[in-house]
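Chain by chain, the residues run as shown.
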Amino acid sequence: MTRDEFLALALRNSVNAAILDELHRLALPDAWLVSGCLVQTVWNVLTGRPIDHGIADYDVFYFDPDTSWEAEDAVIRTLHARLAHLGAKIEARNQARVHVWYPAKHGLPYPPLSSSREGIDRFLTQNTQIGVRRTGDGYDIYAPHGFDDVVGLITRPNPGANFSAANYAAKASRWKALWPEITVVAAE
C-alpha cells in the first residue's frame with residue numbers, strides 16, 4: 001500500500017477529514033491526527049465494514065511548549081466546541097506534557113518528548129504508528145514502519161520505554177474481537 005492509497009482510504013471517514021481540516025484552520029503547533037482512527041478506517045474499508053466500526057476515539061497530538069493543564073484544556077475545549085457536530089470522541093493531547101502525567105497514570109516511565117512524531121514513535125503497536133496532517137497544498141504523513149502491516153491486517157508490538165505487554169495484550173484482544181481477520185503478533 002502506498003502513502004497515497006493509505007491516505008485515500010483514511011479520508012473516506014468523514015470524521016478524519018473534518019478533524020484534519022479543523023486542525024489546519026486552528027494551526028496548532030505540530031498537530032497530527034494519529035493512530036487507530038486512521039488504521040481502523042482502512043481496516044473497515046478492506047474488510048467491508050461500516051467506516052466507523054470499532055473506532056473508540058479520534059486522537060489528536062500537538063506539541064506546545066506551554067505544558068500547563070490550563071493550556072491543554074483550552075485546546076481540548078476548542079476542538080470539542082468546533083467539532084461537536086461530528087458526534088465523535090476526540091482526544092487531544094499536548095505531547096510536550098505527556099511525561100508530566102503518564103508515569104502516575106500508567107506506572108511506566110515516559111521521558112519527555114521534543115515533537116509529536118516522537119509521541120507517535122512510542123505507540124504500543126507498530127501498525128498504528130501513523131500520523132496525518134494537512135499542509136497548505138495537501139497532506140503530510142508520518143509512518144515510520146510504512147503501511148504493510150495495515151494492509152496485511154497485522155498488529156505487532158512496538159517495544160520501547162513505555163511498552164506494557166499487558167496493555168498491548170488488552171488492546172490487541174479488543175481489536176481481534178472487532179476485526180477477527182487481523183493477525184496479532186505476541187509480545188515477547
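Residues numbered from 1 in each chain as written. Predicted model: local features only at pLDDT ≥ 70, side-chain atom pairs only at ≥ 80, totals over all residues. Heavy atoms only, no water.

Q: Quick one: what's the story with the sheet that holds strand β1 (residues 32-34), residue by residue and with numbers?
A: Sheets are built from strands paired through backbone hydrogen bonds, the pairs being either parallel or antiparallel. With mixed pairing, five strands are arranged side by side in an open sheet as β3-β2-β1-β4-β5. A single partner strand is all that each edge strand has here, and the edge strands are β3 (90-94) and β5 (138-142). Looking at each pair of strands side by side, their axes are set apart by 30° on average, direction ignored. Across the sheet, helix α2 (residues 14-26) is in contact with β1, β2 (58-62), β3, β4 (131-135) and β5; its angle to β4 comes to roughly 55°. (Pairing = 2+ DSSP bridges. Helix = DSSP H or I, 4+ residues; strand = E, 2+ residues; numbered from the N terminus. Axes fitted to C-alpha atoms, helices over the stretch in contact; angles between N-to-C directions. Contact = heavy atoms within 4.5 Å.)

Q: Give me the lowdown on unusual backbone geometry, citing residues and values where you can.
A: Its identity is not glycine, yet Ser35 carries a phi of approximately 75°, on the positive side. Among the secondary structure elements, Ser35 is positioned in the loop between β1 and α3 (36-47). In this model, Leu153 sits at a positive phi of 55°, which is unusual for a non-glycine residue. Following the sequence through the fold, Leu153 ends up in the loop between α7 (148-151) and β6 (154-155).

Q: Mind laying out the nonpolar core, listing which residues take part and the relevant values?
A: Residues Phe6, Ile19 and Ile130 are the most contacted members of the largest nonpolar core, which totals 36 residues. When contributions to this core are tallied by element, the ones reaching two or more residues are α1 (3-10), α2, α3, β2, α4 (69-83) and β3. Sequence-distant contacts of Phe6, that is, excluding residues within four places in its chain, are made with Met1, Leu38, Val39, Val42, Ile130, Val132, Phe147 and Val150. By size, the runner-up hydrophobic cluster in this structure holds seven residues, among which are Phe63, Ala96, Tyr102 and Leu108. (Core = buried A, V, L, I, M, F, W, Y, C linked by side-chain atoms within 4.5 Å. Buried < 20%, exposed > 50% of the residue type's maximum accessible area, 1.4 Å probe, protein only.)

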